[in-house]
Amino acid sequence: MNGNPRYNGKQTFEQWQEQWKTEDRYNFKTIENKWQKIWEDEKAYKVIEDKTKEKFYALVEFPFPSGAGLHVGHPRSYVALDTIARKKRMQGYNVLYPMGFDAFGLPAENYAIKTGVHPAVSTKANIENFTRQLKSIGLSFDWDRCIDTSSPEYYKWTQWMFIQLYKKGLAYKDKMAINWCPACKVGLANEEVVNGCCERCGAEVVRKDKEQWIIAITKYADRLIDDLEGLDFIDRVKSQQTNWIGRSEGAELDFEFGDDKLKVFTTRPDTAFGVTYMVLAPEHEFVQKYMDKFENPEEIKKYVEDTSKKSELQRTADDSKTGVELKGIKAKNPFNNKMIPVFISDYVLTGYGTGAIMAVPAHDQRDYDFAKAFNLPIIEVLQGGDISQKAFEEDGLHINSGFLDGLNKEDGMKAAIEYALKNGFGQAKINFKLRDWVFSRQRYWGEPIPMVYCEHCGWQPLKGEDLPLTLPDVTDYLPNDEGESPLSKALSWVNTTCPKCGKKAKRETDVMPNWAGSSWYFLRYCDPHNDKEFASKEALDYWMNVDWYNGGMEHTTLHLLYSRFWHKFLYDCGYVPTKEPYNKRTSHGMILAENGEKMSKSRGNVINPDDIVNNYGADTFRLYEMFIGPFDQVAMWSEDSLMGVYRFIGKIFNLFKKVYNIEADTKDVRAMHKCILEVTERIDQMKFNTAVSSLMTYVNYMSSLDKIPVVLYKTLLKLLSPFVPHIAEEMWARLGHNTLIVQETWPVGDKALAQDDTVTVAVQLCGKMRGTIEVQKDSSDDDVKAKALALENVARQIHGKEIKKIIVVKNRIVNIVA
RNA sequence: GCGAGCGUGGUGGAAUUGGCAGACACGCCAGACUUAGGAUCUGGUGUCGAAAGACGUGAGGGUUCAAGUCCCUCCGCUCGCACCA
């Protein structure tokens, strides 16, 4: 069985087929090796821009090439879109289905710290291993378009884009309290902090003031919400993004405080008559500014200090209300000129709104709890609740509110804002939970930030011709405790000249976060070898948008949000043709171990794809990944179920022996068209598990035949080929074809041919099943009624009873009510 | 606490969107066969019952000729956010 078994024309088809019927066992290894080589040699999946064909761009999240290799979770996404890509290709689309590596990141660097192996070396080895594994499962990637975010040819453009951000004022350096992971010695974006802990290592995150490059993603907050509207993203993703961005509409109001205006943000300016006190975050600037005017500075200082010592986790875990009154200065409520006390408390966050609030204890539960704890007055300004029990946070008519009395929420809001505007102490305002993106990492294995600090000219971006700014070789990858990047020790690299004035200057030593390279990689796939631009306009015009993007839910508020922002920015600059990058976004469920636990090294329950491919073959692995359960839900790995799929493929192999050059009868044709219709529809809907069961039903039908008409088997192979391309290709060749099945055309189902001319109608008596009858399709109601009543079972039970009503649902059911 | 989703045989899961619950597969039981291979083939398999039949989709109630599917109440699980003013 060496070489290409394709038909050479020297024999008749029949003789050719007979020859292959003698081999009686399914040998996946030979088959898979052979066809993977042929696809590669013939570049079966290479794709070029072809304006005569409609394009389809399928994308999966590219992996971080870890030392552990591929996990069985990765292929769930890859095989799913591979199946879709293959089907689309057979349907005549010009399909771009690329793969690459998100190669910068902490693990490679940690590995280097432990072993001294340069991250570039270990990353290269890991990429090779991943590539081997991906190729072993027969994914139809165009490997000529493979990209690596850590290669200078790639990150040249990441740096170039950073400079564009800087030039447009969207990248700025600022000293701010950031989330600092003391274990990784690195600053984290808000999105990377999970329950107050570092997303990667789990260490508790502390706050630290640092000069950081920040990207003004909040400037795009509105558009990132509003533009979700027209996109075909699963609802879960849309609502998570919307919640994360967290838009709230309200007003910003000024309260007099000392010589200043104390600004607060509120979503309910209409409840201003219920304000009985105010609260500042302990970090609020007025606390320090007025410290010597307060009567109790020691008490205040202590509280501020205690708060600063608390981690984010401690601060949010405890919802009991503590605080200290700022004695000696009161604030003035501009709505009724009442003087009210001012407190500091850690339940007011410094990062949101203005870091200060007006407290309306009657209508906000947190303020209510605080007021109870500090014995502060509670004034009801909305009707409808019982404020002796708890705060009333719903809608109600205003009372005790001067000119707002009697208004509902909507009118009250309008009137309050109008009043504030007229009297010059406030206006309408929209706030977001989304923070600007902390873009500096005090690390080595990332894109160098292409900025230079000159004492005369300040921060200057590198000139275009100086890109890429390559990472220098270092031997010491450890950041120091002050959080200086390892690059700061590479003095010959750090010391440079100012791109503007040419005098001595220093390079930025922080690098970019691992989200940088992945924010635009889908654009690079369109034109991956271009060294003049990140991608040509023609390529982008042809390929963009990504038609279908599948990836993990864990990236919804990270990568997905960042890359949408990044793309919008490039759109605003005129570099990309569309305002959103992805038309459709779906998400796959995780794969758990057999006992329902997460697979992890420490539990020792990780399934290695290599073992599955070696023991059962790539086709079995692929098909099982699709059959394991609903694509968007978690699934449990089961070796037993895997065996079932293996047997199914064996059956396909064995069926070949029963294939003959005979005509199909109407029953055969019906089964075939039913399968075509189901499989086609179910792939489109990502109902892969039921698509596979349709194929199984179809195969079971064929098994029941003594002789299988060749057209049935051919159709089966075509329908199978997106799922199990190797066996499909092999059997296609054994049928005598000298074409590749992966380049064949997808069969078209015919609804009329798929339907039987008789139907089985269920017969119910008072809603209970009593039997079924066979009738001609679309029989008249009377015929169906008569037949139903004649059923022995029905006649017996109905005996002597009066029939009140008979309901007939065409071709479905008869219900006799007696 | 808020938001989203889910709950179906021994197991993974189907169910044309209100119309025969349990497709397909795993497992199990019985039998056949053998080139003894993670074999293959045939039949059976929701529960109770000898059968007729009754019961059955987390629990309870409702709408309907008809409910896994729609409505109400409750219980349980998963995910996301979490003092966001």
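What you are looking at is a predicted structure, and each value in this text was computed from that prediction instead of being measured.

Asker: I'm lost on the overall build of chain A in this one. Help?
Answerer: The secondary structure content of chain A amounts to 27 helices and 34 strands. Counting only C-alpha atoms and orienting by the principal axes, one finds that chain A spans roughly 100 × 90 × 50 Å. When burial is assessed residue by residue, chain A has 55% of its 818 residues classed as buried. Here the contacts in chain A between residues at least 6 apart in sequence split such that 72% fall between residues at least 24 apart. Taking the 107 positively charged and 115 negatively charged side chains of chain A as two groups, their mean positions are separated by 2 Å.

Asker: Would you take a moment to explain the sheet that holds strand 18 (residues 356–359) for this structure?
Answerer: For sheets, the rule is that strands pair by backbone hydrogen bonds, running either parallel or antiparallel. Taken together, the four strands give an open sheet; going across it, the order is 14-17-13-18, and neighbouring strands pair in mixed fashion. With partners counted over all chains shown, the strands left at the sheet margins are strand 14 (324–325) and strand 18, one partner each. Bridge count for strand 14 against strand 17 (residues 342–344) is two bridges, and the pairing is antiparallel. The residue bridging V324 from the neighbouring strand is I344, located in strand 17.

Asker: Looking at this model, I keep getting lost on helix 18 (residues 609–616). Mind explaining?
Answerer: In an α-helix, one full turn covers 3.6 residues, which means residues spaced three or four apart are oriented alike. Among all positions in helix 18, only P609, D610, I612, V613 and Y616 are buried. Summarising the contacts, the buried residues of helix 18 are in contact with helix 2 (28–41), helix 5 (119–136), helix 19 (618–627) and helix 20 (639–655). Between the side-chain oxygen at the start of helix 18 and the backbone nitrogen of D610 there is a gap of 2.9 Å, and the oxygen is on N608. Where helix 18 terminates, the next one or two residues include G617, which has phi positive at roughly 100°.

Asker: Help me out: how do you make sense of the protein's contact with RNA strand B in this one?
Answerer: Close to RNA strand B lie 54 residues, the nearest being T267, R315, Y352, R366 and M643. Sugar and phosphate atoms represent 63% of those atoms of RNA strand B found within 4 Å of the protein. Taking R647, its side chain carries an N or O atom lying 2.7 Å from a phosphate oxygen of RNA strand B. Here N700 contributes a side-chain N or O atom positioned 3.1 Å from a phosphate oxygen of RNA strand B. Sort the elements by how many residues they give to the surface near RNA strand B and helix 22 (residues 688–703) lands first, with six residues. Split by residue class, the surface near RNA strand B holds 20 nonpolar, 18 polar and 16 charged.

Asker: Please explain the sheet that holds strand 21 (residues 451–454) as it appears in this structure.
Answerer: Taken in spatial order, the four strands make up an open sheet running 22-21-24-23, and their pairing is antiparallel. The strands lining the two open edges of the sheet, one partner per strand, are strand 22 (458–461) and strand 23 (495–497). Recorded for the sheet is a direction-independent mean angle of 45° between the axes of neighbouring strands. Sheet topology note: the strand 23/strand 24 (residues 504–507) ladder contains three bridges and is antiparallel.

Asker: Just checking my understanding: could you explain the packing of aromatic side chains for this structure?
Answerer: Centre distance and the angle of the planes are the two values used to describe a pair of aromatic rings. Counted under the stated rule, the structure contains 59 aromatic pairs. Their ring planes at 90° and their centres at 5.0 Å tell us that W437 and F439 sit as a pair that is edge-to-face. Look at W437 and Y562: their rings are 3.8 Å apart centre to centre, the planes differ by 0°, and that puts the pair in the stacked class. Placement of the pair is W437 in strand 20 (residues 437–438) and Y562 in helix 17 (residues 559–572), with a sequence separation of 125 residues.

Asker: Which parts of the structure should I look at to understand the environment of Q389?
Answerer: Note that Q389 resides in the loop between helix 12 (365–374) and helix 13 (409–422). By relative accessible area, which is 59% here, Q389 ends up exposed.

Asker: What's the story with the side chain of R734 in this structure? I'm lost.
Answerer: Inspection of the secondary structure assignment puts R734 in helix 24 (residues 725–734). Given the relative accessible area of 0%, R734 is considered buried. One polar contact links R734 to E730, side chain to side chain, over a distance of 2.8 Å.

Asker: Would you explain the packing of helix 20 against helix 22 in this entry?
Answerer: Packed helix pairs are specified by the crossing angle of their axes together with the interaxial distance, meaning the distance between the axes. It is at 11 Å that the axes of helix 20 and helix 22 come closest, and there the two elements cross at 40°. Between helix 20 and helix 22, the interaxial angle falls into the category oblique. Once helix 20 is placed against helix 22, the crossing between them reads as left-handed. Where helix 20 approaches helix 22, its residues F648, K651, I652 and L655 are matched on the opposing element by L695, M696, V699, N700, M702 and S703. Per-class residue counts for the contact of helix 20 with helix 22 are seven nonpolar, two polar and one charged.

Asker: Just checking my understanding: could you explain the pattern of salt bridges for this structure?
Answerer: Pairing between side chains of opposite charge can happen when the charged atoms of each approach one another. Per the stated rule, a full pass over the model turns up 42 salt bridges. Residue K135 is joined to E40 by a salt bridge in which the shortest nitrogen-to-oxygen separation is 3.6 Å. Linking K135 in helix 5 with E40 in helix 2, this pair joins segments that are 95 residues apart in sequence. In this structure K135 comes out as partly exposed when scored by relative accessible area, which is 29%. Taking the relative accessible area as the measure of exposure, E40 reaches 48% and is therefore partly exposed.

Basis of the calculations
Throughout, a residue's number is its position along its own chain's written sequence, starting from 1. Throughout, the order in which chains and ligands are written sets their labels, letters from A for the former and numbers from 1 for the latter. The predicted origin of the model limits local features to residues at a pLDDT of at least 70 and limits the giving and counting of side-chain atom pairs to 80 or more, whereas totals for whole chains, interfaces and linings rest on all residues. Just so you know, side-chain values use all the structure's heavy atoms and leave hydrogens and water out. Elements are defined by DSSP. Helices are runs of H or I of four residues or more, strands are runs of E of two residues or more, and each kind is numbered from the N terminus. Partly exposed describes any residue whose relative accessible area lies between the buried limit of under 20% and the exposed limit of over 50%, with all areas from a 1.4 Å probe on protein chains only and scaled to the type maximum. Contacts between residues were defined by any pair of non-hydrogen atoms, one from each residue, lying within 4.5 Å. Under the counting rule used here, the positive set is Lys and Arg, the negative set is Asp and Glu, and His together with the chain ends is not counted. All charge positions are set by atom: Lys at NZ, Arg at CZ, Asp at CG, Glu at CD. Two strands are counted as paired when DSSP detects at least two bridges linking them. Contacts described as polar in this section are N or O atom pairs within 3.5 Å, which, within protein, must combine one atom able to donate a hydrogen with one able to accept it, while residues neighboring in sequence count only if both atoms come from side chains. Residue proximity to a molecule or strand is established when one non-hydrogen atom of the residue lies within 4 Å of it. Three categories are distinguished: nonpolar for Ala, Val, Leu, Ile, Met, Phe, Trp, Tyr, Cys and Pro, charged for Asp, Glu, Lys and Arg, and polar for the others, with Gly belonging to the last. For helices, the axis comes from a line fit to the C-alpha atoms of the stretch in contact; other axes are also lines fit to C-alpha atoms, and the angle between any two N-to-C directions lies between 0 and 180 degrees. Any two rings among Phe, Tyr and Trp, with Trp reduced to its six-membered ring, count as a pair given centres within 6.5 Å; such a pair is stacked if its planes are under 30 degrees apart, edge-to-face if over 60, and tilted if neither. Each angle gets one of four labels, with under 35 degrees taken as roughly parallel, over 145 as roughly antiparallel, 65 to 115 as roughly perpendicular, and the rest as oblique. Handedness of a crossing follows from how the near helix is turned relative to the far one, being left-handed for an anticlockwise turn of less than a right angle and right-handed for a clockwise one. The term salt bridge refers to a side-chain nitrogen of Lys or Arg lying within 4 Å of a carboxyl oxygen of Asp or Glu.

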